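Overview (structure and organization)
Given next are the chains, with one letter for each unit.
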Amino acid sequence: MDAAMVGALAAVLASLFAAAAAAYGSRGATRAAREGGVITGYDSLTARLTAERDKAETDQSTAEQRVATLELEVVRLRLLVTQLGGTP
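In this report, the structure presented in the accompanying data block is examined. Only a predicted model underlies this, so the values are computations on that prediction, with no experimental measurement involved.

Each value, and the rule that gives it
Residues numbered from 1 in each chain as written. Predicted model: local features only at pLDDT ≥ 70, side-chain atom pairs only at ≥ 80, totals over all residues. Heavy atoms only, no water. Helix = DSSP H or I, 4+ residues; strand = E, 2+ residues; numbered from the N terminus. Buried < 20%, exposed > 50% of the residue type's maximum accessible area, 1.4 Å probe, protein only. Areas by Shrake-Rupley, 256 points an atom, 1.4 Å probe, with all protein chains shown as cover. Patch = residues over 30% accessible without salt bridge, like charges linked within 9 Å, V, L, I, M, F, W, Y side chains within 5 Å. Salt bridge = Lys/Arg side-chain N within 4 Å of Asp/Glu carboxyl O.

**Comments concerning the overall build of the chain**
Helix and strand content of the chain: 1 helix and 0 strands. Per-residue burial for the chain yields a buried fraction of 0% across its 88 residues. Roughly 7,600 Å² of accessible area belongs to the chain as shown, and the carbon and sulfur atoms make up 67% of that amount.

This is the structure in structure tokens:
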């Protein structure tokens, strides 16, 4: 084995090692991108669910206020009917 043969063999081994490292790195990058997409999707879903929950709480509060207003109106009308001599 002369120096040229050793150099060529070293170049072939180095290129195989570089190819293996590139393939491994590419797998890692793909996995990282996929996991990043999952986290982004999870954050988006969490934000939407939080917004829906806040809207539902606001709607419930509005409905409860409306019920309280209507109950007071019923009491007022019953009192008016009684004052006018009727039975509610």
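**Let's talk about a nonpolar patch on the surface**
Among the surface-exposed residues, L9, V12, L13 and L16 lie close enough to one another that they form a single nonpolar patch of about 380 Å² accessible area. Within the element layout of this structure, V12 appears in helix α1 (residues 3-83).

**Thoughts on the pattern of salt bridges**
One pass over the structure, following the stated rule, counts 4 salt bridges. Close ionic contact of E57 with R53 constitutes a salt bridge, the shortest N to O distance being 3.9 Å. Of this pair, E57 and R53 both sit in helix α1, 4 residues apart, which is roughly one turn of that helix. Between R76 and E73 there is a salt bridge; the shortest N-O distance is 2.8 Å. Here the residue R76 and the residue E73 both occupy positions in helix α1, the gap between them amounting to 3 residues, near one helical turn. For R76, a relative accessible area of 46% translates into the label partly exposed. What emerges from the salt-bridge pattern is a single network uniting R53, D54 and E57.

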